[in-house]
Each structure stands twice: as structure tokens, then as C-alpha cells.
Amino acid sequence: MVLKVADRGKMPPFIVMDVMQAASLRESKGGDVLHLEVGQPSTKAPSKVIAAAKTALENDKLGYTPALGLLKLRADIAKHYKDWYDVDVPLERIVATKGSSAAFILSFMAAFDPGDRVVMASPGYPAYRNILKSLGITPISILTELKHRFQPTVALLEELGQPIDGLIIASPSNPAGTMIGYQQMQELSNYCKKKEIRLISDEIYHGVNYEQKPVSALETHPESLVINSFSKYFSMTGWRLGWMIVPEDLARSVECLAQNMFISPPTLSQIAASAAFDSYEEAEDNVKRYAINRSILMNELPSSGLDKLAPADGAFYIYADIAHFTNDSAGFCKRMLEEVGVACTPGLDFDPDRGDSTLRLSFSGAEHDVIDACKRIKAWLKK
Ligand SMILES: Cc1ncc(COP(=O)(O)O)c(C=O)c1O
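Residues numbered from 1 in each chain as written. Predicted model: local features only at pLDDT ≥ 70, side-chain atom pairs only at ≥ 80, totals over all residues. Heavy atoms only, no water.

Let us now look at the pairing of strand β6 (residues 198–202). Where burial is concerned, most of β6 is hidden: 4 out of the 5 residues are buried. The pairing of β6 with strand β7 (residues 225–229) spans 3 bridges and is classified as parallel. Directly across from serine 201, in β7, lies its bridge partner valine 226. (Buried < 20%, exposed > 50% of the residue type's maximum accessible area, 1.4 Å probe, protein only. Helix = DSSP H or I, 4+ residues; strand = E, 2+ residues; numbered from the N terminus. Pairing = 2+ DSSP bridges.)

Structure below.
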């Protein structure tokens, strides 16, 4: 008997997971690995979050919550937008989600129909196009380059020469770490308003920025759909909690979708996450550590020959052009792991068209690992 396997389930793998698997195999055989592949903080959640979770475990029933999340948490998120961006967001537009990953599913389903066309920058976070595709929505990649700072521009959107229904932006971006400044955000916002394009802004790396403050799409486009998460800035990846700010016209659809698909986001995480908004100092200490790692890589990599690097305004990644070394980034990463124990992610995850000659290095780990990795990469590439 041969049963059908649905086409929409046939998603490409997330290659970084394969690299992590190879790295842990090496570790299980006693080999050492410097982890520059993983896109997550190496730190725990803020101490006040952990304390709040312990108290909730002892004292709370931890039943379901409303599908949109606990009112207290949503009020704390509203305050965060007032404090950080001077934007007023009514509670009805704030939705707690099971990580930003669930927010993608909810927002794409609420905003787009099968056959709609949604644009995003390539290189970019692969889940956007893979989730869109599985929902029957057509992802359209704009092949951005260093001269565009790997971000979409109005000129690039115009060049598409075809009507589109949605635009997904990410600032700071994964893998390039580049940011969209106020003027560019305003231009993209105005273009989307004029052309009636739904603007979705992934702001998960806000707070993890170095020289400039990030701009929220809500500052220039109050009707945009903004997605964020506790995973990165607050160092809470495994707590699986994110949020979105939805425009009024999508609020009820999102609520009904969330009720049916997830019932509610994780209750323990929701209670504890309120304390994240009292933990900015701890989060900033992590950002200071990333900043040190970033400058080590930016200073050291060029002398190894890795000298074509995206500027990394934010997030904790360096995106490197390695075309002068290889056009097989997966093989390059495999050899680097096998020969010197440094794990990095081939660019193919982020740019299926050109990622065979790019590489992403994550600097969210320990400083001594980053220093050691630079030494090993230098020696390896000099061989
Ligand atoms: C750009 C971007 N958006 C979203 C996510 C998903 O994050 P989470 O589901 O943990 O909120 C990631 C994870 O690496 C990411 O890099």
C-alpha cells in the first residue's frame, strides 16, 4: 500500500539543524566543537523570569489562558512599545504567541489567501518562504546584495514589475544583521500603503543592536503587522513565547485562528515573561557580550581571507561571502567542522540561489570560543 504524502509537507530541511547534528556527533565521539552555527543566546533567561516561573509552578494552576494571551502580559507589551518606540498600541491588537514562529503561521493565514504573492529579501530567514509555500502562498525573493545592505528597497520592489500582496521585512535581519533606518522604513511603509500591500515586520532581533537604535514598522506604518519574541533579546528561546501587534482589520481573524490552532500560548512562559520587562539590565549585559564578540570577528576574520562581510548592525551573525574560496558552502562547512572543529552554517539556508558561496557565523556564544574559532579558521584557510 502506498499512501499519499502531501506536497505541502515537503519542506526543505533547516540546514543549520543538520550542522548542529554533525557537531553533536563529533562531540559524542570526544571531539571538541566551537559552536558558531547556533542562532541562540548561550545564556539562561533573566533571573527574575526564572524566579517568577518557580513561583508560578508552586502556586498557579497553569490552565489554558485566553487565546490572545494573559491581559497582564499584553499590558506589559503595550508599555514596552510606549517606552521603546513612543507608540500607543491598544490591548486588542496585542497577541501572545507560541514563539514568533507561531505568529508567522497566524499572520500569513489571516492576511493572505492561497495564490497571493508575498515578497521578502534573499538572503533571509528560511521559515518565511517555507511556511508561505506550505500554505499555498507564493513567496517571491528579491535577490539583495551588500550594496542594498541585504534589505528590500522601493526601487527593488518596483523592479519586480508585478503586483504583490505582502512584503516581509526583518530588521536586524538574519543572516546579514543589517538594519532598516527610519527613512528607508518610511519609504517602504509609504509604498506599501500606496500599493495596498500588507507589511509584515519581523522585529525579533530588536534590542540586539550595536550602533543605531532599531526602528519599528509601527513608527511609520501603524497598520503594519509586527512580530517579535522573547527568544533573542531576553534569551528565552526554549520558553516558546512571542507576540504580534496586528492591525485592527486582522485582529478577530487572528484570534479565531489562534483559538482553533493553539488554544493558548504556554501559560507558565506567559506568567514568567512579564518579569522580562523588569530585566532590561540583564538583557543589555548580554548585548554587551555580543558586541565584544562582534568586534573580535570583524577585526580578526579579514586577515584570514574572510574579508567580504555584511556590516552586522544588529542580531548576532556575520554573513560572509566566500566565493573566492568555494562554490560549495555546505562542503566547506563540513570540512571546517571535521578538520578544525568550528561549526558554521552554509548560506544555502538563507539564499537557495546564491548561498553556495556564503557562510553565516553566529557570535552569540562565549568570547573565548569566538577568539579560538578565529585562530582555527585563520590557520585552516592559510593551509
Ligand atoms: C529572523 C527570525 N525570526 C524568527 C525566528 C524564530 O524565533 P522564535 O520562534 O523562537 O520566536 C528566528 C529564529 O532564529 C529568526 O532568526
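Read on for the rest.
On to the site of the ligand. Taken together, 14 residues form the shell around the ligand, and within it Ser101, Asp202, Ser229, Ser231 and Lys232 come nearest. At 2.8 Å from an oxygen atom of the ligand is found a main-chain nitrogen or oxygen belonging to serine 100. A distance of 2.7 Å separates a nitrogen atom of the ligand from a polar side-chain atom of aspartate 202. Here the ligand, which alone exposes 400 Å², has 92% of that area covered by the protein. (Near = heavy atom within 4 Å. Polar contact = N/O pair within 3.5 Å; in protein donor to acceptor, adjacent residues only side chain to side chain. Areas by Shrake-Rupley, 256 points an atom, 1.4 Å probe, with all protein chains shown as cover.)

In this section: the domain arrangement of the chain. You'll often see interface size given as the accessible area lost when the parts meet. Its domain assignment divides the chain into domain 1 (7–44 + 280–382) and domain 2 (62–278). One C-alpha centre belongs to domain 1, the other to domain 2; they are set 25 Å apart. Each partner contributes residues to the interface: domain 1 has 37 residues there, and domain 2 has 41 residues. At the boundary of domain 1 with domain 2, total buried surface from both sides reaches about 3200 Å², with 55% on carbon and sulfur atoms. The tally of links from domain 1 across to domain 2 stands at 2 salt bridges. Arginine 294 is the salt-bridge partner of glutamate 211, the closest N and O atoms lying 3.5 Å from each other. Counting every contact that joins domain 1 to domain 2 gives 20 residue pairs in polar contact (both at pLDDT 80 or more). Looking at side-chain class alone, the side of domain 1 that touches domain 2 contains 22 nonpolar, 5 polar and 10 charged residues. (Domains from an automatic or database assignment. Contact = heavy atoms within 4.5 Å. Buried area = accessible area lost by both parts, 1.4 Å probe. Salt bridge = Lys/Arg side-chain N within 4 Å of Asp/Glu carboxyl O. Nonpolar A, V, L, I, M, F, W, Y, C, P; charged D, E, K, R; others polar.)

What follows is about the sheet that holds strand β5 (residues 166–170). Taken in spatial order, the 7 strands make up an open sheet running β2-β8-β7-β6-β5-β3-β4, and their pairing is mixed. Each edge of the open sheet is held by one strand with a lone partner, namely β2 (94–97) and β4 (138–143). Mean inter-strand twist for the sheet, computed between neighbouring axes without regard to direction, equals 20°. (Axes fitted to C-alpha atoms, helices over the stretch in contact; angles between N-to-C directions.)

As summarised here, the arrangement of the 3 strands in space is β9-β12-β11, forming an open sheet in which the pairing is antiparallel. Edge strands, defined here as strands with exactly one partner in the open sheet, are β9 (317–321) and β11 (345–346).

Here the focus is the packing of aromatic side chains. Inspection of every chain in the model, using the stated rule, returns 25 aromatic pairs. Summarising the aromatic geometry, the rings of phenylalanine 104 and tyrosine 125 are spaced 6.2 Å apart at their centres and angled 50° between planes, so their arrangement reads as tilted. Of this pair, phenylalanine 104 sits in helix α4 (residues 99–111) while tyrosine 125 sits in the loop between β3 (117–122) and α5 (126–134), and the two are 21 residues apart along the sequence. Relative accessible area serves as the criterion here: at 2%, phenylalanine 104 is assigned to the buried category. Judged by centre distance (5.8 Å) and plane angle (35°), the ring pair of phenylalanine 230 and phenylalanine 234 falls under tilted. In this structure phenylalanine 234 comes out as buried when scored by relative accessible area, which is 2%. (Phe/Tyr/Trp six-rings, centres within 6.5 Å; stacked < 30°, edge-to-face > 60°.)

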